Amino acid sequence: MRSGLPALCLIAALLGFTACTKRETPVEEGLRTHTLLIGNQNEPATLDPSLMDAATDMNIVIALFEGLTCYDEPTGLPVPGVAERWDISPDGLVYTFHLRPTAKWSNGDRVTAADFAYSFQRILSPALGSTYAYMLWPIKDAEAFNSGKLKNFSEVGVAALDDATLRVTLTRPTPYLLALAAHSTWMPVHRATVEKFGKMDERGTAWTRPGNLVGNGAFTLAEWQPNARLIVAKNPHYWGAAANQIERVIFYPTEKSDVEELNFRAGQLHLTYSLPTSKIPGYRQQSPDRLRLDPLLNLTYINFNVTKPPFTNPKVRRALALALDRTAISERVFNGGWPPAHTLVPPHCGNYTSPAGQPDDFATARALLAEAGFPGGKGFPTLAMQVLNDDKLPKMAEAIQAMWQRELGIKITIEPYEQKTWLQNQQTLSHTLALLGWTADFPDPITFLDTFRTGNGNNWTGWGSKEYDALLDQAAITADPAARFDLLRKAESVILDEPGIAPVVYRASTYLIHPAVKNWQASPLGLHRYQLIRLEQ
């Protein structure tokens, strides 16, 4: 019976059919057409660089826009972007950026210093309500303008001296300023396009849709099918277009990493966003060349809403923070791929070393809970822990759920949400308890510590401390690096001791990569410039 298959193929061939011919997979087609196929986990909430706050959105935005500087993948340090060079005054307060004369928008317009000045005014406009606007606050009077205290933007320390020269004046020396300039918040937007579809400070207009968006990045927005795929195409007007070997990048918002893994094996993806932890041992043994476990400057933590009982009581927060076996979570949930976390700032963040951090101490946790009025968990309300509906955070929540019930006698339920709702609930303090993560914007501890400053747009805990804020303020005006780090360590101790959050694990970037993808380097910030990638058969 088996011998009949070749005869059927021969007949089919004679009749002109191609059913028995091996079909080209999307990955194979991509190698031929220089199209990179990437899993990106989530549907983007926005492509407006001034409004995005999700790492998966940044993976797309970095293709469409470019700042004054860019992040070097392996180090996270700033390298020239639109600015080909810059001068810094001896006192560290004035940065003069010299823009490339060949930098253009995707419609052919020249990128000018005025474009950056306009974009800075836009993101700092109070009506726009950007949660990330604080990334520009080192600029003189930027915070005052952002808060509405200052009405005239011409008084802010931003000046377009001519088309190719942008001067930025700071309130105080900021050693990581050039890294800030690579962040999405510092990326320019095309004024005529923004205002064609609405006001400068109007959110959610159609300027970011296909056919409308004008960017200055290495790629342009070609197609966006919500919850299906998003395609960017090579921008011929980009200043570095001649060196870009990638014609298109297709992003797939596949939420489940097990589905991504199946798609990878089926030749549908060159890169996955993630990988089920249960699959790591198998790939280590059988296909190590396709497995990547890259260090990432990321913390996954328990996000208490301190404005809601019982987390208004710091003893309750500390009890729950201590009642964790972080090593067990790392090993059982993540196969050791995500190391246990006891501090807010991950290791290898610049030359900074964190304090000792939160210990795993069940006995002290039980005593604290009793002091708070819940001995053995009696009278403690059943709380819902909100998590992203991926294949990792629910499992982490289940491990925490079991530990707290066993050691403290308290019960929680687990509520999975898609990313947009999960983030919005925490941003609006509509949660009581949640799991959340933070990836560094640049390799300096302040990117983690500043997030929890009182009133920071990304502080979704409701927590604040005058002592903590004062230590960060003092660190900001301290020039000596060692003394600055000492102040930051003291601030980190404050938020860990009170606590505002409970660190659980440091995330690693765990994913699959096709061997044909070249120059995809490990990136501690998780960002990659696709124009540097090659596809080689």
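Structural data are supplied above this passage.
Residues numbered from 1 in each chain as written. Predicted model: local features only at pLDDT ≥ 70, side-chain atom pairs only at ≥ 80, totals over all residues. Heavy atoms only, no water.

Caption draft 1: Spatial organisation of the side chain of Thr277. In this structure, Thr277 sits in the loop between helix 8 (257-265) and helix 9 (280-286). Residue Thr277 is classed as buried on the basis of its relative accessible area of 9%. In contact with Thr277, other than residues within four places in its own chain, are Val333, Phe334, Asn335 and Lys392. (Helix = DSSP H or I, 4+ residues; strand = E, 2+ residues; numbered from the N terminus. Buried < 20%, exposed > 50% of the residue type's maximum accessible area, 1.4 Å probe, protein only. Contact = heavy atoms within 4.5 Å.)

Caption draft 2: Structural detail: the environment of Glu43. Inspection of the secondary structure assignment puts Glu43 in the loop between strand 1 (35-39) and helix 3 (55-64). A sequence separation of 105 residues divides Glu43 from Gly148, and the C-alpha atoms of the two residues are 33 Å apart. The contact partners of Glu43, leaving out residues within four places of it in the chain, are Asp57, Trp224, Pro226, Asn227, Ala228 and Pro253. Within the local environment of Glu43, its side chain forms a polar contact with the side chain of Trp224, the two groups lying 2.8 Å apart. (Polar contact = N/O pair within 3.5 Å; in protein donor to acceptor, adjacent residues only side chain to side chain.)

Caption draft 3: Summary view of the sheet that holds strand 7 (residues 165-169). Spatially, four strands are ordered 4-5-7-6 in an open sheet, and the strand pairing comes out antiparallel. Two strands close off the open sheet at either side, each with one partner strand: strand 4 (83-88) and strand 6 (158-162). Neighbour-to-neighbour, the strand axes of this sheet turn through a mean angle of 20°, independent of strand direction. As paired elements, strand 6 and strand 7 share four bridges and run antiparallel to each other. Paired with Ala160 across the bridge in strand 7 is Leu166. (Pairing = 2+ DSSP bridges. Axes fitted to C-alpha atoms, helices over the stretch in contact; angles between N-to-C directions.)

Caption draft 4: View of the pairing of strand 4. Inspection of the sheet shows strand 4 paired to strand 5 (residues 94-99) by five bridges, in the antiparallel sense. By the bridge assignment for strand 5, Trp86 is matched with Phe97. The antiparallel pairing of strand 4 with strand 5 creates a hairpin that spans five residues between the two strands, and Gly92 there sits at a positive phi of about 75°.

Caption draft 5: The arrangement of the packing of aromatic side chains in detail. Going through the model one piece at a time under the given rule, you end up with 19 aromatic pairs. Taken together, a centroid distance of 5.7 Å and an interplanar angle of 75° make the contact between Tyr301 and Phe452 edge-to-face. Pair noted here: Tyr301 is in strand 11 (residues 291-304) and Phe452 is in the loop between helix 15 (446-449) and helix 16 (466-476), with a separation of 151 residues, a long-range link. Ring plane angle 45° and centroid distance 5.0 Å describe the contact between Phe304 and Phe311, whose orientation is recorded as tilted. With respect to class, Phe304 is no different from Phe311; both count as buried. Lying across the ring of Trp224, Arg209 places its NZ or CZ 4.2 Å from the centre. (Phe/Tyr/Trp six-rings, centres within 6.5 Å; stacked < 30°, edge-to-face > 60°. Lys NZ or Arg CZ within 6 Å of the ring centre and 35° of its normal.)

Caption draft 6: Spatial organisation of the pattern of salt bridges. All chains considered together, the criterion is met by 19 salt bridges. For Arg191, the salt bridge identified is with Glu195, shortest N-O distance 3.3 Å. Of this pair, Arg191 and Glu195 both sit in helix 7 (residues 191-196), four residues apart, which is roughly one turn of that helix. Looking at Arg191, the relative accessible area reads 46%, which means it is partly exposed. Look at Glu195 and you get partly exposed, because its relative accessible area is 37%. Salt-bridge contacts for Arg326 lead to Asp360; the nearest nitrogen and oxygen are separated by 2.6 Å. Of this pair, Arg326 sits in helix 11 (residues 326-334) while Asp360 sits in the loop between helix 11 and helix 12 (362-371), and the two are 34 residues apart along the sequence. For Asp360, a relative accessible area of 31% translates into the label partly exposed. (Salt bridge = Lys/Arg side-chain N within 4 Å of Asp/Glu carboxyl O.)

Caption draft 7: Structural view of unusual backbone geometry. Put simply, Pro309 and Pro310 share a cis peptide bond, and its omega is 5°. Tracing the chain through its elements places Pro310 in the loop between strand 11 and helix 10 (314-322). In this chain, Glu498 is followed by Pro499 through a cis amide linkage whose omega measures -20°. Among the secondary structure elements, Pro499 is positioned in the loop between helix 17 (481-497) and strand 15 (501-512). A positive phi is found at His34, a non-glycine position, where the angle reads about 60°. Position of His34 relative to the elements: it lies in the loop between helix 2 (26-33) and strand 1.

Caption draft 8: Here's a closer look at the sheet that holds strand 12 (residues 383-388). With mixed pairing, the five strands of this open sheet are ordered in space as 13-12-14-11-15. Taken across any chain shown, the strands that pair with only one partner, and hence form the sheet edges, are strand 13 (412-417) and strand 15. Each strand axis lies, on average, 30° off the axis of its neighbour in the sheet, ignoring direction. As paired strands, strand 12 and strand 14 (residues 433-439) are joined by two bridges and run parallel to one another. Bridge pairing in strand 14 links Met385 to Leu433.

Caption draft 9: Representation of the side chain of Asn305 in the model. By the secondary structure assignment, Asn305 is in the loop between strand 11 and helix 10. In terms of polar contacts, Asn305 uses its side chain to reach the backbone carbonyl oxygen of His431, at 2.7 Å. For Asn305, the residues in contact, after removing those within four places along its chain, are Phe311, Leu429, His431, Thr432 and Thr461.

Caption draft 10: Here's a closer look at the nonpolar core. Residues Leu36, Leu344 and Trp404 are the most contacted members of the largest nonpolar core, which totals 158 residues. Ranked by residue count, the leading element in this core is helix 13 (residues 393-408), at eight residues. Apart from the residues lying within four places of it in its own chain, the contact partners of Leu36 are Ile246, Arg248, Val249, Ile250, His270, Leu271, Val517, Trp520, Tyr530, Ile533 and Leu535. With six residues, the next largest nonpolar core counts Phe264, Ile280, Tyr283 and Leu512 among its residues. (Core = buried A, V, L, I, M, F, W, Y, C linked by side-chain atoms within 4.5 Å.)

Caption draft 11: View of helix 17. Here helix 17 is 17 residues long and its end C-alpha atoms lie 24 Å apart, about the 24 Å a rise of 1.5 Å per residue gives. By the burial criterion, the buried members of helix 17 are Arg484, Phe485, Leu487, Leu488, Ala491, Glu492, Val494, Ile495 and Leu496. (Expected span 1.5 Å × (residues − 1).)

Caption draft 12: Region of the structure containing the packing of helix 11 against helix 13. Between helix 11 and helix 13, the least distance of the axes is 10 Å, while the angle of their chain directions is 135°. The angle between the axes of helix 11 and helix 13 places the two elements in the oblique class. Viewed along their axes, helix 11 and helix 13 form a crossing whose handedness is right-handed. Counting all contacts with helix 11, which are made through Ala328, Ile329, Val333 and Phe334, the residues of helix 13 involved are Lys395, Met396, Ala399, Ile400 and Met403. (Parallel < 35°, antiparallel > 145°, perpendicular 65-115°, else oblique. Left-handed = near helix turned anticlockwise from the far one by under 90°.)

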